[in-house]
Amino acid sequence: MGEREEVQNNNNNNDIEIGVERRGPSLSSSSSRSASPESRRITSSSLKEPLLLPHDAKRTNQTSQLAIIGANVCPIESLDYEITENDLFKQDWRSRTKNEILQYVFFKWTLVLIIGLGTGFVAFFNNLAVENIAGFKLLFTNSLMLKDKYFQAFAAYAGCNMVLAIAAAGLCAYISPAAAGSGIPEVKAYLNGIDAHSILAPSTLFVKIFGSIFGVAAGYVVGKEGPMVHTGACIASLLGQGGSRKYGLTWKWLRYFKNDLDRRDLITCGAAAGVAAAFRAPVGGVLFALEEVASWWRSALLWRTFFTTAVVAVVLRTFIVFCRGGQCGLFGEGGLIMFDVNSVNPSYRIADLLAVIVLGMIGGIFGSLYNYLVDKVLRTYSIINERGPVFKVLLAIIISLLTSCCSYGLPWLSKCIPCPASSGDQCPTVGRYGNFKSFQCPPNHYNDLASLFMTTNDDAIRNLFSSGFDKEFQLSTLIVFFAAIYCLGIITYGIAVPSGLFIPVILAGASYGRLIGTLLGSLSDLDVGFFALLGAASFLGGTMRMTVSLCVILLELTNGLLMLPLVMLVLLISKTVADCFNKGVYDQIVEMKGFPFLEAHAEPYMRNLIASDVVSGPLVTFSGVEKVANILYALKTTKHNGFPVIDEPPFSDAPQLCGLVLRSHLLVLLKGKKFTKQRMAIGSNMLRTFNAQDFDKAGSGKGVKLEDLDIKEEELEMYVDLHPIVNTSPYAVVETMSLAKAAVLFRQLGLRHMLVTPRMPGRPPVVGILTRHDFMSEHVLGLYPQFQPKK
């Protein structure tokens, strides 16, 4: 199962560390800036009545510890990207042979190879299934229409869509609610250091694959691109954690990767592979991971993601060649979207740049409005989804019926158009491919609106990007199609089915882009198909707010390298205009879902504060050799994940910070029962008893939990030496450091805990602990409302 349940705490409500590792009623031996050296150790009396100053007692962090994962509200926690440099880790590192180091490097490259192979295969299977299911549905509907059985055709069309919609929504509602939606916001939050139950679990992977197939085949205005990013991340997570014991899939040879740092790299590769698989754009996949989802990047990761996406491209290309022989059923031109617009010479004049600039401005305005409406719809749907799985399925059925009515009903409003004499394509179209759908029209006529609605989303994009026949679609058709897709895309995103935003945005953008190209006519040298591409680029820039990755993805998607300058221009303009109104759609969704996301920059008001201004109390610390009862009581009554360890005489001349110990490591240590009756250090004996692998992060639900401990009454009064498992080099800042600097440092290092130390001697060695929730605006502005931005 994904890393979700490998929580470092227990599964009962008292022990789950939901998002942040601290606050709550303290059991502290040392409160922020208030505890004397004598009170620093946890004793029975101090546990009942902690010594707190009134100021510290009031300063608690009230930020939410819940977030919406897919279509479900779940507790969240932080990830441990920091390497725990304790005695066991150092011993293990010194003992590693050159052969073991080479083995680690080899396995890491092997894993990214498997991620690429797996993601490529899933993408092919996804497209193959969608094309065949949707193809059968459309051919059956078309056969009934050819017999003038129009009502039966609608019943068959809407019925097929409803069955597929129920299957997709049922999987999400009852098996894995985390699989609903795009998945990109969840992957983005995970790579920022936020974990939650079942974000990347095997059940989520299963539902994401089949739910996406059913949802896209059901005719929803959704894409499979976002779900493919989530799918790639799930595959990487499953491999990186060594499989799943719950589902009988475990691989002990992957013990090297039982840590959040290596898994983060693998999941970044998986996300890049998902984009490469969805768009057949390997370079675009790398840039998408760099620009949009990854919070940390380095050159070694660049090589691995590029290798992964290259493998995906080879796998997809192999399957495409295989299917050209007709062995893949109805899988043909569609599916693996590649919209070639390179058949016309893209010559343009300076005057055309004005049209491109206007197109970019329109994309920015429409994109910002789209994001605003999506946010409102998601908030409304979250209220409905909270009422239970039945309501999730009912909502999906309603949207399915509405979509079917629009797709089947709106083409009846369009008049039949005579087939163009100069067209090289067959008119009207026979079968499910082509630009000229007959629908209800007489011979040698076609229905242009049906050519966009009564087909798969991929084929509709291909039709809009087609060039050479300017009057193929009427102005009224493009207006109606744009309005319908714009509205359906907004109300569809947020129902309990795996759904991507790329395809609806490309469809809407291409329709108004082609509309503008048709209006300009002979005033522009650009083909209407190129205007459709530029319109799609402008709407993508206005919603997603990406530039480099979108530009490369569109170029790889359309083979339109000669259009590079205009695509760059329209993306920059649309993003600039849209940024004046709101954030990008994924940033908005991350915020709406409640993820405590750390931005790359600090808020301006943080420069007016220092680190100690936001530290919440009270603080729980342990001695280097601590009584078992004190540790057990602290684990039972707090949600803390990290505890500072302070050495006192006789283990040091004066109280001094020894390091930080994690909750999961304490649980393993207590289960091992290496206790002593006297308060003494036995670190060397423990190094022979335990090894570093005993404290590796466990897979889903496999870690030691508090209820697994069997501590006898007489053992409670014994002592345990914490020194071998204490991270002796935790990151710490002085209490007078600017909060802005501390926030940037915390984010760039990928920390979960940051210790705050006093500036002056003679005080307790630790002032407090900063975690990601301490940098959230909700917490900081709650303490200092005078810094609230003026509206």
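Relevant structure appears above.
Report follows, based on the coordinates. (Residues numbered from 1 in each chain as written. Predicted model: local features only at pLDDT ≥ 70, side-chain atom pairs only at ≥ 80, totals over all residues. Heavy atoms only, no water.)

1. A word on the overall build of the protein chain
Moving on, step 1. What the protein chain contains, in helices and strands, is 26 helices and 16 strands.
Moving on, step 2. In the protein chain, which comprises 791 residues, the share counted as buried stands at 62%.
Moving on, step 3. Taking all contacts inside the protein chain whose residues are at least 6 apart in sequence as the whole, residues at least 24 apart take part in 81%.
Moving on, step 4. Put simply, the protein chain shows about 30000 Å² of open surface, and 62% of that area lies on carbon and sulfur atoms. (Helix = DSSP H or I, 4+ residues; strand = E, 2+ residues; numbered from the N terminus. Buried < 20%, exposed > 50% of the residue type's maximum accessible area, 1.4 Å probe, protein only. Contact = heavy atoms within 4.5 Å. Areas by Shrake-Rupley, 256 points an atom, 1.4 Å probe, with all protein chains shown as cover.)

2. Digging into the sheet that holds strand β9 (residues 625-627)
Moving on, step 1. The antiparallel open sheet is built from three strands, whose spatial order is β9-β13-β12. Edge strands, defined here as strands with exactly one partner in the open sheet, are β9 and β12 (675-676).
Moving on, step 2. Sheet strands touched by helix α22 (residues 628-637): β9, β12 and β13 (719-721). Its angle to β9, the strand with the most contacts, is close to 75 degrees. (Pairing = 2+ DSSP bridges. Axes fitted to C-alpha atoms, helices over the stretch in contact; angles between N-to-C directions.)

3. Focus on the side chain of Asp647
Moving on, step 1. Position of Asp647 among the secondary structure elements: in strand β10 (residues 642-647).
Moving on, step 2. Although Asp647 is buried, it makes no salt bridge; Arg679 carries the closest opposite charge, 6.9 Å away. (Lys, Arg positive; Asp, Glu negative; His and termini not counted. Salt bridge = Lys/Arg side-chain N within 4 Å of Asp/Glu carboxyl O.)

4. Topic: the sheet that holds strand β3 (residues 194-196)
Moving on, step 1. Pairing within the open sheet is antiparallel, and its three strands lie in the order β1-β2-β3. Both outer strands of the open sheet, β1 (66-69) and β3, are each paired with one neighbouring strand and no more. Averaged over all neighbouring strand pairs, the angle between strand axes comes to 50 degrees, with direction disregarded.
Moving on, step 2. For β1 and strand β2 (residues 72-78), the ladder comprises four bridges, and the chain directions are antiparallel. Looking at β2, one finds that Ile69 is bridged to Asn72.

5. Some details on the packing of aromatic side chains
Moving on, step 1. Within this structure, the stated rule accounts for 31 aromatic pairs.
Moving on, step 2. Between Tyr408 and Trp412, the ring centres sit 6.3 Å apart and the planes meet at 55 degrees, which makes this aromatic pair tilted.
Moving on, step 3. Assessed through its relative accessible area of 5%, Tyr408 is described here as buried.
Moving on, step 4. On the basis of relative accessibility, which here comes to 35%, the residue Trp412 falls in the partly exposed class.
Moving on, step 5. The rings of Tyr150, Phe154, Tyr157, Tyr408, Trp412 and Phe439 are connected pair by pair, giving a single aromatic cluster.
Moving on, step 6. Looking at Arg264, its charged tip hangs above the ring of Tyr81, at a distance of 4.5 Å from the centre.
Moving on, step 7. Sitting above the plane of the Phe391 ring, Arg387 keeps its charged end 4.5 Å from the centroid. (Phe/Tyr/Trp six-rings, centres within 6.5 Å; stacked < 30°, edge-to-face > 60°. Lys NZ or Arg CZ within 6 Å of the ring centre and 35° of its normal.)

6. Focus: the pairing of β2
Moving on, step 1. Here β1 folds back onto β2 in antiparallel fashion, the turn holding two residues, of which Gly70 has a positive phi close to 65 degrees.
Moving on, step 2. The pairing of β2 with β3 spans three bridges and is classified as antiparallel. Within β3, the residue paired with Ser78 across the bridge is Ile194.

7. Regarding the pattern of salt bridges
Moving on, step 1. Tallied over the entire structure, the rule returns 20 salt bridges.
Moving on, step 2. We note a salt bridge from Glu77 to Arg752, for which the minimum N-O separation is 3.9 Å. Here the residue Glu77 occupies a position in strand β2, and Arg752 occupies one in the loop between α25 (739-749) and β15 (754-757), the gap between them amounting to 675 residues.
Moving on, step 3. Note on Arg752: relative accessible area 2%, which makes it buried.
Moving on, step 4. Counted as one network, the salt bridges with shared partners bring together Lys108, Asp262, Asp265 and Arg298.

8. Some thoughts on a nonpolar patch on the surface
Moving on, step 1. Together, Ile101, Val105, Trp109, Leu113, Leu117, Trp303 and Phe307 make up a nonpolar patch on the protein surface, roughly 620 Å² of accessible area in all.
Moving on, step 2. Sorting the residues of the nonpolar patch by element identifies α4 (98-146) and α11 (299-323) as the ones contributing at least two each.
Moving on, step 3. Here the nonpolar patch gets five residues from one element, more than from any other, and that element is α4.
Moving on, step 4. Tracing the backbone shows Phe307 in helix α11. (Patch = residues over 30% accessible without salt bridge, like charges linked within 9 Å, V, L, I, M, F, W, Y side chains within 5 Å.)

9. What to know about helix α6 (residues 184-191)
Moving on, step 1. Within α6, eight of the eight residues are buried, which leaves the element mostly enclosed by the surrounding structure.
Moving on, step 2. All buried positions along α6 are accounted for by Ile184, Pro185, Glu186, Val187, Lys188, Ala189, Tyr190 and Leu191.
Moving on, step 3. Phi turns positive one or two residues past the end of α6, at Gly193, with a value near 110 degrees.

10. Observations concerning the packing of helix α18 (residues 528-544) against helix α20 (residues 564-579)
Moving on, step 1. Between α18 and α20, whose axes approach to 7 Å, the crossing angle comes to 35 degrees. By crossing handedness, the relation of α18 to α20 is classed as right-handed. Across the interface between the two elements, Leu534, Ala537, Ser538, Gly541 and Gly542 of α18 pack against Leu566, Val567, Val570, Leu571, Ser574, Lys575 and Ala578 of α20.
Moving on, step 2. Split by residue class, the contact of α18 with α20 holds seven nonpolar, four polar and one charged. (Left-handed = near helix turned anticlockwise from the far one by under 90°. Nonpolar A, V, L, I, M, F, W, Y, C, P; charged D, E, K, R; others polar.)

11. What to know about the packing of helix α8 (residues 225-240) against helix α9 (residues 260-279)
Moving on, step 1. Their axes nearest at 7 Å, the elements α8 and α9 cross at an angle of 145 degrees. Judged by the twist between their axes, the crossing of α8 over α9 is right-handed. Facing α8, whose interface residues are Glu225, Met228, Val229, Gly232, Ala233, Ala236, Ser237 and Gly240, α9 presents Arg263, Leu266, Ile267, Gly270, Ala271, Gly274, Val275, Ala277, Ala278 and Phe279.
Moving on, step 2. A per-class count over the contact of α8 with α9 returns 11 nonpolar, five polar and two charged.

12. Description of unusual backbone geometry
Moving on, step 1. With an omega dihedral of 10 degrees, the bond running from Pro649 to Pro650 counts as a cis peptide bond.
Moving on, step 2. Relative to the helices and strands, Pro650 is located in the loop between β10 and β11 (656-662).
Moving on, step 3. The phi dihedral of Asp148 is positive, around 65 degrees, even though this residue is not glycine.
Moving on, step 4. Its location among the elements puts Asp148 in the loop between α4 and α5 (150-175).

13. Things to note about the state of the cysteines
Moving on, step 1. Per the counting criterion, the structure on display carries two disulfides.
Moving on, step 2. There is a disulfide in this structure between Cys323 and Cys328, and the S-S distance comes to 1.9 Å. Taking the torsion about the S-S bond as the criterion, the Cys323 to Cys328 disulfide, at about -75 degrees, is left-handed. In this pair, the class of Cys323 matches that of Cys328, namely buried.
Moving on, step 3. Disulfide pairing is shown between Cys416 and Cys441; the S-S distance is 2.1 Å. With the S-S dihedral at roughly -95 degrees, the linkage between Cys416 and Cys441 falls on the left-handed side. On the criterion of sequence distance, the pair formed by Cys416 in the loop between α13 (389-409) and β6 (417-418) and Cys441 in the loop between β6 and β7 (445-446) is long-range, its members being 25 residues apart.
Moving on, step 4. By relative accessible area, which is 25% here, Cys416 ends up partly exposed. (Disulfide = S-S within 2.5 Å.)

That is the geometry; function is a separate question.
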